[in-house]
Amino acid sequence: MAQFGDTHVLCTATVTPVLPKWRMYSHEGWITAEYAMLPASTAKRSPREYKGRKGRSMEIERLIGRSLRTVVDLKALGERAITLDCDVIQADGGTRTAAITGAWVALHDALMALVEKGDLPRLPLTNQVAAISVGRVAGELLVDLDYKEDSHADVDMNIVGVPGRALIEIQGTGEKTPFDRAQLDDLLDRGQDAINQLLDLQNQVTGFRETPASADDSDAASSTGNITDAAEKHVDE
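About the thresholds
Residues numbered from 1 in each chain as written. Predicted model: local features only at pLDDT ≥ 70, side-chain atom pairs only at ≥ 80, totals over all residues. Heavy atoms only, no water. UniProt positions renumbered as here; feature names shortened; annotations may be inferred. Helix = DSSP H or I, 4+ residues; strand = E, 2+ residues; numbered from the N terminus. Buried < 20%, exposed > 50% of the residue type's maximum accessible area, 1.4 Å probe, protein only. Contact = heavy atoms within 4.5 Å. Areas by Shrake-Rupley, 256 points an atom, 1.4 Å probe, with all protein chains shown as cover. Salt bridge = Lys/Arg side-chain N within 4 Å of Asp/Glu carboxyl O. Patch = residues over 30% accessible without salt bridge, like charges linked within 9 Å, V, L, I, M, F, W, Y side chains within 5 Å. Pairing = 2+ DSSP bridges. Axes fitted to C-alpha atoms, helices over the stretch in contact; angles between N-to-C directions. Expected span 1.5 Å × (residues − 1).

As annotated in an unreviewed UniProt entry, the protein is Ribonuclease PH from Atopobium deltae. Word for word, the UniProt comment on the protein under Catalytic activity (unreviewed entry) is "tRNA(n+1) + phosphate = tRNA(n) + a ribonucleoside 5'-diphosphate". In its Subunit (unreviewed entry) section, the UniProt entry covering the protein states "Homohexameric ring arranged as a trimer of dimers."

Okay, here's the thing in C-alpha cells:
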C-alpha cells in the first residue's frame with residue numbers, strides 16, 4: 001500500500017511465464033502495468049473502469065510501465081512477464097506518482113521472491129525509481145500537491161527520477177500562465193530533492209542496494225547509473 005497523505009494506492013506485482021505474443025522468443029522479459037481509480041476513491045463516485053477503456057488510465061498505465069522498465073534488466077528477467085496493478089482506493093492528487101513509487105516496491109518484492117525460489121540467479125533490478133508532483137500555486141512553489149492545490153495550480157508538473165538526480169520523465173504544463181527556464185529549474189530541483197526522500201524510504205522498506213555489476217551486466221548497469229541511498233515524500237498529482 002502506497003499511502004502518501006490522503007492518496008492511497010494498492011500496488012501488486014504478478015509474475016506469469018507467458019509473454020505477450022509480440023514479445024515471444026525475444027529471450028527477454030516484459031514489465032507492464034494496469035491502473036484504475038476505484039469508484040469510491042474520489043468525493044463523488046466515478047464509473048467503474050472496465051478492461052479496454054481508453055483515455056487517462058491508459059496514459060498512466062504506459063507511464064508506469066515505461067518508468068519501471070527503465071530500471072530492469074529485461075534480458076536477466078528471462079521470458080516472463082510481470083504485471084503491476086495499481087488500484088487507487090482513495091485519491092487526493094498525485095495518484096500516478098504514488099503508483100510509480102509504490103509499484104517499484106511491489107516489483108522489487110516479486111523479483112526477490114523469484115531469486116529466493118531459485119528461479120532467478122540474481123535480482124535483475126538495476127536501479128530504483130520514484131515520482132513526485134510539483135507545482136506553483138499563487139506564486140508559491142509546492143511539492144506533492146493535493147487535489148485542491150493541483151486544481152488551482154499555475155504550473156503543474158510530474159517528475160519521475162532515479163538516484164543521482166537523473167530523470168526518466170517530466171510532464172509539465174503551464175495551467176494558467178507560461179513559466180520560464182528559471183522557474184522550471186526551481187521546480188526540477190525541488191522535485192528531485194523530494195524524489196531522493198522517496199528513494200530513501202524505498203530503501204528502508206526493501207533494504208535494496210545495487211550489487212556490483214558483472215562484466216555481462218555492465219551495459220544494463222551503465223544505462224541507469226549507480227544506486228545511492230534514497231528516500232520518500234508523500235505524493236500527489
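The discussion continues.
Right, let's talk about the overall build of the protein for a bit. A tally of helices and strands in the protein yields 6 helices and 8 strands. Ordered by position from N to C terminus, the α and β elements of the protein give β-β-β-α-α-β-α-β-β-α-β-β-α-α. Here the protein holds 237 residues, and 48% of them are scored as buried. Taking all contacts inside the protein whose residues are at least 6 apart in sequence as the whole, residues at least 24 apart take part in 75%. Here the protein has roughly 11700 Å² of accessible surface; of this, 50% comes from carbon and sulfur atoms.

As enumerated under the stated definition, the model contains 8 salt bridges in all. A salt bridge links Lys117 to Asp119, with the nearest nitrogen and oxygen atoms 3.6 Å apart. Measuring nitrogen to oxygen at the nearest pair gives 4.0 Å for the salt bridge that ties Asp189 to Arg165. Of this pair, Asp189 sits in helix H5 (residues 181-206) while Arg165 sits in the loop between strand S7 (155-162) and strand S8 (166-174), and the two are 24 residues apart along the sequence. Look at Asp189 and you get partly exposed, because its relative accessible area is 41%. Taken together, the shared-partner salt bridges in this structure form one network comprising Arg165, Asp189 and Asp193.

Moving on: a nonpolar patch on the surface. A contiguous nonpolar surface patch, about 330 Å² in accessible area, is contributed by Met1, Leu10, Leu38 and Ile89. Along the chain, the position of Leu38 falls in the loop between strand S3 (30-37) and helix H1 (56-69).

As a further point, take the sheet that holds strand S1 (residues 2-4). What the 4 strands build is an open sheet, ordered S1-S2-S4-S3; its pairing is mixed. Edge strands, defined here as strands with exactly one partner in the open sheet, are S1 and S3. Taking the axes of each pair of neighbouring strands and ignoring which way they run, one obtains an average angle of 20° across the sheet. When strand S2 (residues 7-16) meets strand S4 (residues 81-90), the two strands line up antiparallel, connected through 9 bridges. Each residue of the ladder has a partner; that of Thr12, found in S4, is Asp85. Its contacts with the sheet place H1 against S3 and S4, and it is angled at close to 145° to S3. Sheet contacts for helix H3 (residues 95-117): S1, S2, S3 and S4; angle to S2, the most-contacted strand, approximately 35°.

On to H3, then. A rise of 1.5 Å per residue sets the reference length of H3, with its 23 residues, at 33 Å; its end C-alpha atoms lie 33 Å apart and thus fit the reference within 8%. Burial analysis of H3 places 17 of its 23 residues in the buried class, the great majority of the element. Where H3 ends, the next residue or the one after it, Gly118, has phi of about 85°, a positive value.

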